[in-house]
Amino acid sequence: MNQNTPDPYRVLGIEQSAEDEQIRAAYLAKLKQFPPDRAPEEFEQVRDAYDLLRDRRRRARHTLFSINPEAPLESLLDSTDTQRRFAGPGPWLAVLKER
Amino acid sequence: MQTLLPSGNEQGVEVTNAWIEQLPSAQLFLKRYFMAKKQDKKNARSSGVNPSGAALLPEEVERVRLLIVERHSKAALQLAKDLFKRSSAAEDLLVDAYRARMEDLLSLGMAVEAKTVLGIVRERFPAALPRMVKVEQEICARDGRLDQVVAPLADASLAVEERERIEIFIRQRVHDLSALAAVTSLPQEHPLRVAAGALAAAFQAVTEGPVDQAALALQEVSRRSPLASWKALIRAIASYHRREDEACSQWLRTIAEDSVPARLLPAFVVMRGKKLEAKLSPAEHKLIAIAGDHAATLRPALAAMEKALHSKKQKPILDAARGVNAASESCDARLRERLRRHIAVRSGMLRIPPPSINAALGGAPRWDASYFRLLARTLEEQQFVEGRAEAAIVWEDFRREALKENWFAAGGLVDGILSLHMAQLVANLPDELVEEMREREVSYRKQGLGSGPCLPSPAVHFERACTADPHSESFQSWLNWAVKRGSWQVVDQVAEKWRHALPGDIQPLLHLVESAEKRNAFKKSLSYLEQAEKLDRLNPAVRRAKLRLLLATVLRHLSQRKSHLAQGGIAELASLPEVRSGEIAALAAALSWCVAVVDGDKAACAAELNNLEQGVGKVAAHLLLITLLRESTLSALKDLPQVKISRAAALDLLTGTVRACLLGESAGLVLMLPSEWDKTLIAALYLPNCPVDAAQMLVLGEAALLNNSPELAYAVSSVGLLQGKVNARFLFLRARVLPGWARLRLVGCMSAALELARRERNTVLIGKILDCLNETGKRGRLAYRYDPRIASKPISSEQLDRILEEERKLEQFPIYEASQIPKFALEDDPDFCDCPECRAQRGEWVDPDELDDFDEDEDFDEDDDLGDEDFDGPMPPPEMMRGMLEQVLKMLSAKQKRQIQRLVDAGDDPLTAMDKVINGGLSMPDAAAKKAKAAKPTPPQQGSLFEGIR
């Protein structure tokens, strides 16, 4: 897999355990969000992601072989969304409860 | 008797010894009394209580206060209780001690216990309750019972101090905004409730996702509200997520230090990528792990790690790993594990000792499915072939762990795809490596070391893959592997499994047809063909196979002289649809002629011959008949009229031959081409009005190749290249027809043909060329193997043009010339070097004489002292040397073998012994075996011959 290819699951905003229907629903939702005339680059990413995931065999091959051992270590940060994630109120309140 | 105690004597009574002597119980009494006194003194010393007085001593009070200040509330309370027992003046002290105890319990999170203590105080010291208000409020706050705490605020006439006290409490203690917004002791429109509600909603929104600036306006919260710090906190969180660090800092600075939101200030420092000296709580660590900005601290550390890995030096790698470990301390555990896994695997590939790298990373990575998957992929990308073998083994480990971790189900689609991948990995390994690894496994078992790392079995994995995911491509891979490795029974089993799994696929049936045909099981072959026809009657392979099988059946009947059966076959053959007009009819007529020969029916022979010649012409008829006679082992050549080439026009000969070749190709017959026709055919090809087109010429060329007529095949390629059409196929033909010593031209033609086929996207031709490159073939007398590296060697357009230009010029079949090197050969490229040494290095056959350095023109003095330096230089590869020595050994007599054995037993090495027996000990490069230079006998003086004659 090309190290510059975004993770198709992230592009469509779904989990790896998503089934065919969920993948299709996510694809249609993303199409509405990124129509080709207004967001051509994002549209292409969404379309490529769907092409990869809608075929069961290609999806399975992606699950198994997509990891790129030669990818720079910094690229691992991008995939884990390490940058200031929204944690919800729980973890913040847990700290506030302490004296 | 006198009493012991004085009565009314205020001044005491003198105790005499007589008392004691007379009253043993008194003695005991006194003893006990004084001992009790002593204990009281001791107790008084430790508690600081004046054991003797009822009033509180200042130091006692001081002691209790000190304990309270030092947060030893339990000891302070106990002491205060003791003092209170002595004197009620200690009540205040006791209440203070109770309060300190409750505060300590609350700080330890023991609100229930604190509540119990409060209950005791309320019961015993109701007057002291006003002093417990703060603690009571805290307990209420912990219980979520803010109603009581804030209830006084509903009174508009509440004293300012009291209002302030409550607001301070809210600012410093209330962390549950939702509870505050829901208190029933205040009216719904109360500013505090409204503010709390707005803040609770805003806090939820800002921690769950991006919010608009308008949502952060929070007009309901005034600057003087006890909840003002919350407003600042919410705006700070919003700025943090928008990466507006400056704004975030400004908002954090406005948060009151004693407020509840101030508890988040240390975490904010770390989340923004800065260091903090103070120790963080588990809740803070968790928040930082989830919401912190790890990229800011990790990126530099990872960049340094990447640089160290590229340096491939151990110390920088270990130092960088420690840096990554430190930088990732606050990160999510999953991210840390991922980093650890990648760094450990990459370091392992560079042979960094695992214990060292694991220690630097703060621990070894978990050997889970993710780890094995990464390791397997990394091994696959290695340049050396052993890496792929190891990858296959590691994929097995991945599968085991992935099934445990429920990545996929056993026998499912993903399992099938994985199994196929593993099978293909092992199937593509060199045989020598597989053999070596299998031997190692056996050796492990024999030594009792278990099985060790086992190479997966392709057969098992192919079967698993095809069972889990029945797919044509998977079955085709399996079949291809079985063809190379297994017996025909194994291959047929695979084809049968394919057929049953995918009944709509025609490929397995075609394979079974061919397999049965090769074994001459024509009946079985035809039964498979029948099934293939049901699937796709018009398939070209099916149609060709039908014709071929029927023909083979008839020929067998003819060879068995069963003419009646042959006739049945001919009738069936004749009913086949024509591909080219008249071909089937001609074939049927030719076969009928053979039947007539078997039956001895000359009239029928003549009739069928006439039919045949009318259909395809004399030349084609002749070729067809001699071919069928050969195939059916009938000896009736004398019955055939000969074709006199001297009379036949060259072009007629050519067209007739081509027609026969086309028929032969359709029928799967290898036509016999009389060698005496070659010259005429070649001459006809060069005639300006030659009617044969490129496709027909290629068929003729292939037939010539199969007939071992290289000159004719070469001529076809020459004419074809001159015409300039389908150059790829003519180059391919030429490459196969060139003699082995013309290796450079052969490689050039093959490479050019492959390149042209790729450019034309002619996948059929590409497949044929690649199959040819991977086969070992015979070329004349010599076994020859094409260099499969040709397939991956790129060739530029300039090189291609040069090859075509030169090959077009070389129209004549080449005659051996040692110094012949085509102009297009790349002399700088060792792959194209044709010298004996380079050919030997590539594992190709080299005439041993070519490796001889001797110049035959020079005088050879067998008495010359031959040193080691004379045998320096490249020698044939070891396998070749071994083969040659084995050949020599085979040729030895029994006596020579016994002599050699005696010398070996005496201590000579085998080669020295062989040399002594066979060569008399000459010419060995071994210094120990070098013969001493014998003195040359002096020639007789000329004069001495004639002495005595004069």
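Undergrad: Where do I start with the overall build of chain B in this structure?
TA: The number of helices and strands found in chain B is 46 helices and two strands. The buried share of chain B, taken over its 950 residues, is 43%. Sequence-distant contacts, at least 24 apart, represent 58% of the contacts inside chain B between residues at least 6 apart. Carbon and sulfur atoms provide 53% of the accessible area of chain B, an area that totals close to 52600 Å².

Undergrad: Sorry, what's going on with the overall build of chain A here?
TA: The number of helices and strands found in chain A is six helices and zero strands. From first element to last, N terminus to C terminus, chain A shows the α and β order α-α-α-α-α-α. Out of the 99 residues in chain A, the part that is buried amounts to 42%. Nonlocal contacts in chain A, meaning residues at least 24 apart in sequence, comprise 56% of its contacts between residues at least 6 apart. Of the roughly 5800 Å² of accessible surface on chain A, 44% is carried by carbon and sulfur atoms.

Undergrad: Hey, could you run me through the pattern of salt bridges in this one?
TA: Any two side chains of opposite charge can pair, given that their charged atoms come close. Residues and elements named next belong to chain B. Summed over the entire model, instances satisfying the criterion amount to 43 salt bridges over all chains. A salt bridge links Asp96 to Arg131; the shortest N-O distance between them is 2.3 Å. Residue Asp96 is found in helix 5 (residues 91–107), and its partner Arg131 is found in the loop between helix 6 (111–124) and helix 7 (133–143); the two are separated by 35 residues along the sequence. Relative accessible area serves as the criterion here: at 12%, Asp96 is assigned to the buried category. Note that Glu807 is salt-bridged to Arg745, the shortest N-O span being 2.7 Å. Separated by 62 residues along the polypeptide, Glu807 in helix 41 (residues 797–809) and Arg745 in helix 39 (residues 743–760) bring together distant segments of the chain. The buried category is assigned to Arg745, whose relative accessible area is 5%.

Undergrad: Quick question: what am I supposed to make of the side chain of B:His461 here?
TA: Residues and elements named next belong to chain B. Along the chain, His461 turns up in helix 24 (residues 458–468). Taking the relative accessible area as the measure of exposure, His461 reaches 3% and is therefore buried. Beyond its immediate stretch of four places on either side in the chain, His461 contacts Glu396, Ser419, Leu420, Met422, Ala423 and Pro456.

Undergrad: Can you walk me through the interface of chain B and chain A in this structure?
TA: Where interface size is quoted, it is often the accessible area lost as the parts come together. Counting residues at the interface gives 67 residues for chain B and 35 residues for chain A. A combined buried area of about 4900 Å² lies between chain B and chain A, and 66% of that area is made up of carbon and sulfur atoms. Across the contact surface, chain B and chain A share three salt bridges. Between A:Arg57 and B:Asp469 there is a salt bridge, with its nearest N and O atoms 2.6 Å apart. Counting every contact that joins chain B to chain A gives 13 residue pairs in polar contact (both at pLDDT 80 or more). Looking at the side of chain B that touches chain A element by element, the count peaks at nine residues for helix 16 (residues 294–311) of chain B. Class assignment of the residues belonging to the side of chain B that touches chain A gives a composition of 35 nonpolar, 12 polar and 20 charged.

Undergrad: What's the story with the packing of helix 18 (residues 333–349) of chain B against helix 20 (residues 369–380) of chain B in this structure? I'm lost.
TA: Working note: a packed helix pair is described by the angle between its axes plus the distance between those axes. All names here are of chain B. At a minimum axis separation of 10 Å, helix 18 and helix 20 run at an interaxial angle of 35°. By crossing handedness, the relation of helix 18 to helix 20 is classed as right-handed. Each of Arg341, His342, Val345 and Met349 in helix 18 lies in contact with helix 20, whose residues at this interface are Ser370, Tyr371, Leu374, Leu375, Thr378 and Leu379. Classifying every residue of the contact of helix 18 with helix 20 gives six nonpolar, three polar and one charged.

Undergrad: How should the nonpolar core be read in this particular structure?
TA: A general trend in soluble globular proteins is that nonpolar side chains are found buried together. One finds B:Leu591 and B:Trp593 to be the most contacted residues of the largest nonpolar core, which totals 99 residues. The biggest single contributor to this core is helix 31 (residues 583–599) of chain B, with 12 residues. Those residues within four positions of B:Leu591 in sequence are excluded, and the remaining contacts are B:Leu551, B:Val554, B:Leu555, B:Leu558, B:Ile570, B:Leu573 and B:Leu628. In this structure, A:Leu96, B:Val149, B:Ala196 and B:Ala198 belong to the second largest nonpolar core, which totals 56 residues.

Undergrad: What is the right way to read the confidence of the model for chain B from this model?
TA: Close reading of the predicted structure is inappropriate where its pLDDT is low. All names here are of chain B. Of all residues in chain B, 81% have pLDDT values of 70 or greater, and the mean over the chain is 82. This model gives residues 1–15 a pLDDT under 50, and the stretch forms seven contacts once residues within four places in sequence are excluded. Under a pLDDT of 50 for its full length, residues 48–53 has, in the predicted model, 13 contacts with residues more than four places off or in other chains. Interface confidence in the predicted complex, given as ipTM, is 0.85; pTM for the same model is 0.61.

Undergrad: When you look at a negative patch on the surface in this model, what are you seeing that I'm missing?
TA: Residue and element names in this part refer to chain A. Residues Glu41, Glu42, Glu44 and Asp48 make up a contiguous surface patch of negative charge. Position of Glu41 relative to the elements: it lies in helix 3 (residues 40–54). A relative accessible area of 64% means that Glu41 is categorised as exposed.

Undergrad: What is the right way to read helix 36 (residues 694–706) of chain B from this model?
TA: Since the α-helix packs 3.6 residues into each turn, any two residues three or four apart lie on the same face. Residue and element names in this part refer to chain B. For helix 36, spanning 13 residues, the distance from its first C-alpha to its last is 18 Å, which sits close to the expected 18 Å at 1.5 Å a residue. Of all the residues in helix 36, the buried ones are Ala694, Met697, Leu698, Val699, Leu700, Gly701, Ala703 and Ala704. Buried-residue contacts for helix 36 involve helix 34 (650–667), helix 35 (678–685), helix 37 (710–723) and helix 38 (727–737). A side-chain oxygen of the first residue of helix 36 lies 3.2 Å from the backbone nitrogen of Ala695; this N-cap is Asp693. Directly beyond the C-terminal end of helix 36, a positive phi value near 60° is found at Asn708.

Undergrad: How should I be thinking about the environment of B:Lys679 in this particular structure?
TA: Residues and elements named next belong to chain B. Mapped onto the secondary structure, Lys679 falls in helix 35. For Lys679, a relative accessible area of 73% translates into the label exposed. Separated by 32 residues in sequence, Lys679 and Glu711 have C-alpha atoms that sit 8.8 Å apart.

Undergrad: Hey, could you run me through the side chain of B:Ser563 in this one?
TA: Residue and element names in this part refer to chain B. Structurally, Ser563 can be placed in helix 30 (residues 563–574). Note on Ser563: relative accessible area 14%, which makes it buried. Of the polar contacts made by the side chain of Ser563, one reaches the side chain of Asp599; its length is 2.7 Å. Once residues within four sequence positions are removed from consideration, Ser563 is found in contact with Val595, Val598 and Asp599.

Undergrad: Is there a simple way to think about the packing of aromatic side chains in this case?
TA: The relation between two aromatic rings is expressed through the spacing of the ring centres and the mutual angle of the planes. Residue and element names in this part refer to chain B. Applying the stated rule across the entire model yields 17 aromatic pairs over all chains. With a centroid separation of 5.4 Å and an interplanar angle of 85°, the aromatic rings of Trp395 and Phe398 are classed as edge-to-face. Residue Trp395 and its partner Phe398 are located together in helix 21 (residues 385–404), separated by three residues, close to a single helical turn. The exposure class assigned to Phe398 is buried, which follows from its relative accessible area of 0%. Arranged with centres 5.4 Å apart and planes meeting at 85°, the rings of Phe398 and Trp407 form a pair that is edge-to-face. With a relative accessible area of 30%, Trp407 lands in the partly exposed category.

Undergrad: Is there a simple way to explain unusual backbone geometry in this structure?
TA: What is expected of a backbone is that most residues other than glycine have negative phi and most peptide bonds are trans. Residues and elements named next belong to chain B. One non-glycine residue, Lys312, lies in positive phi territory at about 60°. Positive phi is not limited to glycine here, since Arg761 has a value of about 55°. Of note, Arg761 is situated in the loop between helix 39 and helix 40 (763–773).

Undergrad: Sorry if this is basic, but what is going on with the environment of B:Gly504 here?
TA: Residue and element names in this part refer to chain B. Tracing the backbone through its elements, the reader meets Gly504 in the loop between helix 26 (488–501) and helix 27 (507–518). The class of Gly504 is exposed, set by a relative accessible area of 57%. Sequence-wise, Gly504 and Asp536 are 32 residues apart; in three dimensions their C-alpha atoms are separated by 9.6 Å.

Undergrad: What am I meant to see in the packing of helix 35 of chain B against helix 37 of chain B here?
TA: All names here are of chain B. It is at 10 Å that the axes of helix 35 and helix 37 come closest, and there the two elements cross at 0°. By the angle between their axes, helix 35 is roughly parallel relative to helix 37. Together, Asp678, Leu681, Ile682 and Leu685 of helix 35 and Glu711, Leu712, Ala715, Val716 and Val719 of helix 37 make up the contact between the two elements.

Reading the values: rules and limits
- Residues numbered from 1 in each chain as written.
- Chains lettered and ligands numbered in written order.
- Predicted model: local features only at pLDDT ≥ 70, side-chain atom pairs only at ≥ 80, totals over all residues.
- Heavy atoms only, no water.
- Helix = DSSP H or I, 4+ residues; strand = E, 2+ residues; numbered from the N terminus.
- Buried < 20%, exposed > 50% of the residue type's maximum accessible area, 1.4 Å probe, protein only.
- Contact = heavy atoms within 4.5 Å.
- Areas by Shrake-Rupley, 256 points an atom, 1.4 Å probe, with all protein chains shown as cover.
- Salt bridge = Lys/Arg side-chain N within 4 Å of Asp/Glu carboxyl O.
- Buried area = accessible area lost by both parts, 1.4 Å probe.
- Polar contact = N/O pair within 3.5 Å; in protein donor to acceptor, adjacent residues only side chain to side chain.
- Nonpolar A, V, L, I, M, F, W, Y, C, P; charged D, E, K, R; others polar.
- Axes fitted to C-alpha atoms, helices over the stretch in contact; angles between N-to-C directions.
- Left-handed = near helix turned anticlockwise from the far one by under 90°.
- Core = buried A, V, L, I, M, F, W, Y, C linked by side-chain atoms within 4.5 Å.
- pLDDT = per-residue confidence, 0-100.
- Patch = residues over 30% accessible without salt bridge, like charges linked within 9 Å, V, L, I, M, F, W, Y side chains within 5 Å.
- Lys, Arg positive; Asp, Glu negative; His and termini not counted.
- Charge placed at Lys NZ, Arg CZ, Asp CG, Glu CD.
- Expected span 1.5 Å × (residues − 1).
- Phe/Tyr/Trp six-rings, centres within 6.5 Å; stacked < 30°, edge-to-face > 60°.
- Parallel < 35°, antiparallel > 145°, perpendicular 65-115°, else oblique.

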